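Next come the chains, spelled out residue by residue.
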Amino acid sequence: MIEKLRTLNERLIELNMNDKVNLKKYQCIQKILKEDQCFFKMEIEYAYSILRDLGIQEQDLRKVYLELIDIKNI
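Residues numbered from 1 in each chain as written. Predicted model: local features only at pLDDT ≥ 70, side-chain atom pairs only at ≥ 80, totals over all residues. Heavy atoms only, no water.

## Thoughts on the side chain of Arg 6
Next, step 1: When you line up the elements, Arg 6 lands in helix 1 (residues 2-15).
Next, step 2: Those residues in contact with Arg 6, other than ones at most four positions away along the chain, are Leu 33, Lys 34, Glu 35 and Asp 36. (Helix = DSSP H or I, 4+ residues; strand = E, 2+ residues; numbered from the N terminus. Contact = heavy atoms within 4.5 Å.)

Printed below as a string of structure tokens:
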């Protein structure tokens, strides 16, 4: 799942090359996503915010978050 998020973020960076505010946001997210277990180290509210920024639908946030912190997926 983390790889899917990285790919999605890369696409958002490409799409926002002319929007400095959003570009900076996605570049920041890119730095965070470099670490495979980054979601284990952050508050749930912060994780949900990142997932929302990446376009994850509100009804899917919990499912995606739980998959990201599932120890079996390390």
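The discussion continues.
## A word on the environment of Lys 41
Next, step 1: Secondary-structure assignment places Lys 41 in the loop between helix 2 (20-33) and helix 3 (44-53).
Next, step 2: For Lys 41, a relative accessible area of 62% puts it in the exposed group.
Next, step 3: With 30 residues separating them in the primary sequence, Lys 41 and Arg 11 have C-alpha atoms 25 Å apart. (Buried < 20%, exposed > 50% of the residue type's maximum accessible area, 1.4 Å probe, protein only.)

## Points about the environment of Glu 35
Next, step 1: In this structure, Glu 35 sits in the loop between helix 2 and helix 3.
Next, step 2: With a relative accessible area of 33%, Glu 35 lands in the partly exposed category.
Next, step 3: The sequence separation of Glu 35 and Ile 2 amounts to 33 residues, and the corresponding C-alpha distance is 9.2 Å.
Next, step 4: Those residues in contact with Glu 35 that sit more than four places away from it in its chain are Arg 6 and Lys 41.

## Regarding the nonpolar core
Next, step 1: Counting 22 residues, the largest nonpolar core has Leu 5, Leu 33, Phe 39 and Leu 51 as its most contacted members.
Next, step 2: Listed by contribution, the elements that provide at least two residues to this core are helix 1, helix 2, helix 3 and helix 4 (61-68).
Next, step 3: Considering each element in turn, this core owes the most residues, 5 residues, to helix 2.
Next, step 4: Each residue touching Leu 33, except ones within four places of it in the same chain, is listed here: Ile 2, Leu 5, Arg 6, Asn 9, Cys 38, Phe 39 and Leu 54. (Core = buried A, V, L, I, M, F, W, Y, C linked by side-chain atoms within 4.5 Å.)

## Notes on the pattern of salt bridges
Pairing is possible between side chains of opposite charge, provided their charged atoms come close.
Next, step 1: Going through the model one piece at a time under the given rule, you end up with 6 salt bridges.
Next, step 2: Residue Glu 14 is joined to Arg 11 by a salt bridge in which the shortest nitrogen-to-oxygen separation is 3.5 Å. Here Glu 14 pairs with Arg 11, and both are found in helix 1, just 3 residues apart, close to one helical turn.
Next, step 3: Assessed through its relative accessible area of 52%, Glu 14 is described here as exposed.
Next, step 4: Residue Arg 11 is classed as partly exposed on the basis of its relative accessible area, which comes to 45%.
Next, step 5: Of the charged contacts in the structure, one is a salt bridge between Glu 35 and Lys 41, with a shortest N-O distance of 2.1 Å.
Next, step 6: Salt bridges here are not isolated pairs; linked through shared partners, they connect Glu 3, Arg 6 and Asp 36. (Salt bridge = Lys/Arg side-chain N within 4 Å of Asp/Glu carboxyl O.)

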